[in-house]
Amino acid sequence: MSSPRSSRRAAARLLPLSAATVATLSLASVGIAQPGGVGPACEVDTNSPKEMLVAALALQRASTAADPAAKQAALRNTMKELTNKADKWRSKNPLGYQMLYGQTLGFWIGVEGQPLVTTRGAIGAVDTPEESIDLVAASDLAFKAVVEGDPACAAQVQAFRQNEGWLAMTRRALDLSSTNADSAKIYAQHSVTLLPTNNPYPYQVLGIVAQRENDVPGAIKYWGEAIEAAGDDSSYKDIRQSSLFYKGLYEVQYARELSGDEQKSMLNNAVASMKQYLADYGQTQDAATVMQGLSEAYTTLGQTDQIPGIYAPMLATPDAYTDYQLTMGGVLASTAEKNADAVTFFTAAIGKNPNQRDALRNLAAALYAEKRYDEMFKPLETLVSVDPNNVDAWTMFAFAYQGKAQGATAPADKKKFTDSLIVYSGKADSLGVKLTVDEFQRNAESVVFAVRLEGNAGTPKANTLEVEFLDASGNVVATASESVEPIAKGDSKMIRLEAQGSGIVAYRYKPLS
């Protein structure tokens, strides 16, 4: 029999992305240019000439109008004032004009149902009313003109760009990111145009869309831009965290398709991304997945000596981490062939969650690697009580007896242990139904349990998969079940169960025949 190895599958989990992401954004800090100037460092003034002052006051009314019809009426009036014989007075204060013009178009972009390309007359302009106007492009050009004319106004323009139009484009991009990739990309690009800096939302959308379209290099690029745009702004913490998460893991994934220097370069990028994630978010649940990705990167680079450094903080203070994180630390230690560390991790994980299937199985594997065969039986007895139809669970008993037989000196002991090896190996082979857990997703108030059943009996029987979901003390929090028709030998069936309840961290199911 070949030696057992510690194992734990960890996949990148696609975090929810929706308009709720920006639902808490407030435009309270976004105003309009007021008479008397817009800031102490910005020399642009909108109170002169009098025609501009009238337009500014009209825009003020539009910004405070609660009724949509009244708001649009006020915006049309603003455009009327801005375009009524403007060639006679606009040159007296061109930057003030562009400031008001850009803001007015921003409000128009935010109007529900407003076409982004329309005629000037449709939004209230009285000069060249039949001429077409791209609201997003025109607003951007107006704000650019202000900053080019007076760079000291850059901060004020940045604030004015973060307006109702920007918020509408960003929300639409987020809303459509999972259902309409083409439209989501368009709105995301509009969001970037309206707010070119310190605006990570559209880049996150573009990254998610690229990932769903299997454009991994594009996804990596956009998540990097989201990280850069988020910077150290605490209000963008969640976006920065998720973008770092995705970027590092997909850099590892993409590296699998590369070779030579290209692969090495991509893996080094992945290492940088994931080390940064662990430095900033090492206590989060997703850190375990990042740790596994970083381990793969180091292994492919031939730098397995770096793996202990990944889990060193957990080894120093295991009580500060969850059973899931500790289990992943054990897997990393096993990968680095630090089996004593692995035993420490898996034991600590079981201490927090006595029925943690992965920790139980991997503890037995680590003890086998340490030749501590007698210690394997306790975790294995718990393992087969929670996962009785998993071939792996029973095979581990055979490995324990194999180790004992190899170390026995008395012929009677060697025979006894060899006989036990054969019994447990036969038990694994004779299971009527083999069960493999494909997913055990632990949420705050619910759980998802997905398994693959494979028929292994010459005369298959009907079964009922009955699962109990347990808390850390082993108490039953919830149950779920599903009837299973006889499964022919070699055939398989997928079952997915869900249950509600808080504090679920483990499962136990009744044996299938």
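Scroll up to find the structure this text is about.
Heads up: these notes are all about the structure in this document. This structure is a prediction, so every number in the text was calculated from the model and none was measured. (Residues numbered from 1 in each chain as written. Predicted model: local features only at pLDDT ≥ 70, side-chain atom pairs only at ≥ 80, totals over all residues. Heavy atoms only, no water.)

Here we come to the overall build of the protein chain. Of the regular secondary structure elements, the protein chain holds 19 helices and eight strands. For the protein chain, whose C-alpha radius of gyration is 31 Å, the value lies well above the compact-globule estimate of 24 Å for 513 residues. In the protein chain, which comprises 513 residues, the share counted as buried stands at 50%. Across the protein chain, every contact between residues at least 6 apart in sequence was considered, and the portion connecting residues at least 24 apart equals 62%. Surface accessibility of the protein chain: about 23,100 Å² in total, with carbon and sulfur atoms responsible for 49%. Taken as two groups, the 48 positive and 57 negative side-chain charges of the protein chain have centres that lie 3 Å from each other. (Helix = DSSP H or I, 4+ residues; strand = E, 2+ residues; numbered from the N terminus. Rg over C-alpha atoms; globule rule 2.2 N^0.38 Å. Buried < 20%, exposed > 50% of the residue type's maximum accessible area, 1.4 Å probe, protein only. Contact = heavy atoms within 4.5 Å. Areas by Shrake-Rupley, 256 points an atom, 1.4 Å probe, with all protein chains shown as cover. Lys, Arg positive; Asp, Glu negative; His and termini not counted. Charge placed at Lys NZ, Arg CZ, Asp CG, Glu CD.)

Here we take up the state of the cysteines. Counting across every chain of the model gives one disulfide. Covalently, Cys42 is tied to Cys153 through a disulfide, its sulfur atoms 1.7 Å apart. Disulfide Cys42-Cys153: torsion about the S-S bond near 85°, hence right-handed. Of this pair, Cys42 sits in the segment before α1 (50-64) while Cys153 is found in the loop between α4 (135-149) and α5 (154-161), placing the two residues 111 residues apart along the sequence. Judged by relative accessible area, Cys153 falls into the buried class, the value being 0%. (Disulfide = S-S within 2.5 Å.)

This part covers the pairing of strand β6 (residues 476-484). Both strand β5 (residues 463-470) and β6 contribute to a ladder of eight bridges, which runs antiparallel. Bridge pairing links Val467 to Ala480 in β6. Between β5 and β6, which pair antiparallel and follow one another directly, the connecting turn spans five residues, one of which, Gly474, has a positive phi of 90°. (Pairing = 2+ DSSP bridges.)

Spatially, β3-β4-β7 is the arrangement adopted by the three strands of the open sheet, whose pairing is antiparallel. The outermost strands of the open sheet, each flanked by one partner alone, are β3 (433-442) and β7 (492-500). Between one strand and the next, the sheet's axes are offset by a mean angle of 20°, whatever the strand orientation. Where strand β4 (residues 446-455) and β7 come together, nine bridges link them in antiparallel fashion. What sits directly across from Arg452, in β7, is Met494. (Axes fitted to C-alpha atoms, helices over the stretch in contact; angles between N-to-C directions.)

Attention now moves to the environment of Gln325. Checked against the element boundaries, Gln325 lands in helix α14 (residues 323-335). Counting along the chain gives 34 residues from Gln325 to Met291, while the straight-line C-alpha distance between them is 9.1 Å. The contact partners of Gln325, leaving out residues within four places of it in the chain, are Gly282, Gln283, Thr284, Gln285, Ala287, Ala288 and Met314. At 3.3 Å, the side chain of Gln325 and the backbone oxygen of Gln283 are in polar contact. (Polar contact = N/O pair within 3.5 Å; in protein donor to acceptor, adjacent residues only side chain to side chain.)

An order of β6-β5-β8 is seen for the three strands of this open sheet, with the pairing classed as antiparallel. At either margin of the open sheet sits one strand with a lone partner, and together these are β6 and β8 (506-509). The sheet shows a mean angle of 20° between the axes of neighbouring strands, direction not considered.

Another point: helix α6 (residues 164-176). Side chains three or four residues apart in an α-helix point the same way, a direct result of the helix having 3.6 residues per turn. Helix length check: α6 (13 residues) gives 18 Å between terminal C-alpha atoms against 18 Å at 1.5 Å per residue, within 8%. Taken residue by residue, α6 has Gly165, Trp166, Leu167, Ala168, Met169, Thr170, Arg172, Ala173 and Leu174 as its buried positions. Elements in contact with the buried residues of α6: α3 (94-109), α5, α7 (181-194) and α8 (201-212). (Expected span 1.5 Å × (residues − 1).)

With respect to the helices and strands, Ser273 occurs in helix α11 (residues 260-281). Of the residues examined, Ser273 reaches a relative accessible area of 5% and is grouped as buried. Sequence separation of Ser273 and Val290 is 17 residues, and the distance between their C-alpha atoms is 9.5 Å. For Ser273, the residues in contact, after removing those within four places along its chain, are Leu244, Lys247, Gly248 and Glu251.

To continue, consider the side chain of Lys71. Locating Lys71 in the fold gives a position in helix α2 (residues 68-83). At 3.1 Å, the side chain of Lys71 and the backbone oxygen of Ala62 are in polar contact. In this view, Lys71 contacts Ala62, Ser63, Ala65, Phe107 and Glu164; residues no more than four positions away in its chain are not counted.

Right, let's talk about the side chain of Thr327 for a bit. Considering the arrangement of structural elements, one finds Thr327 in helix α14. On the basis of relative accessible area, Thr327 is assigned to the buried category, the value being 0%. Every residue in contact with Thr327, bar those within four places of it in the chain, is listed here: Phe346, Ala349, Gln356, Asp358, Ala359 and Asn362.

A few words on the pattern of salt bridges. Across all of its chains, the model carries 20 salt bridges by this definition. Of the charged contacts in the structure, one is a salt bridge between Glu225 and Lys221, with a shortest N-O distance of 3.2 Å. With a gap of four residues between them, Glu225 and Lys221 both fall in helix α9 (residues 216-230), about one helical turn apart. With relative accessibility at 25%, the residue Glu225 sits in the partly exposed group. Judged by relative accessible area, Lys221 falls into the partly exposed class, the value being 45%. In this structure, Asp280 engages Arg240 in a salt bridge whose closest nitrogen and oxygen atoms are separated by 2.8 Å. Pair noted here: Asp280 is in helix α11 and Arg240 is in helix α10 (residues 237-255), with a separation of 40 residues, a long-range link. Its relative accessible area of 36% is what places Asp280 among the partly exposed residues. Put simply, Arg357, Asp358, Arg361, Asp387 and Asp392 are held in one network by salt bridges that share partners. (Salt bridge = Lys/Arg side-chain N within 4 Å of Asp/Glu carboxyl O.)

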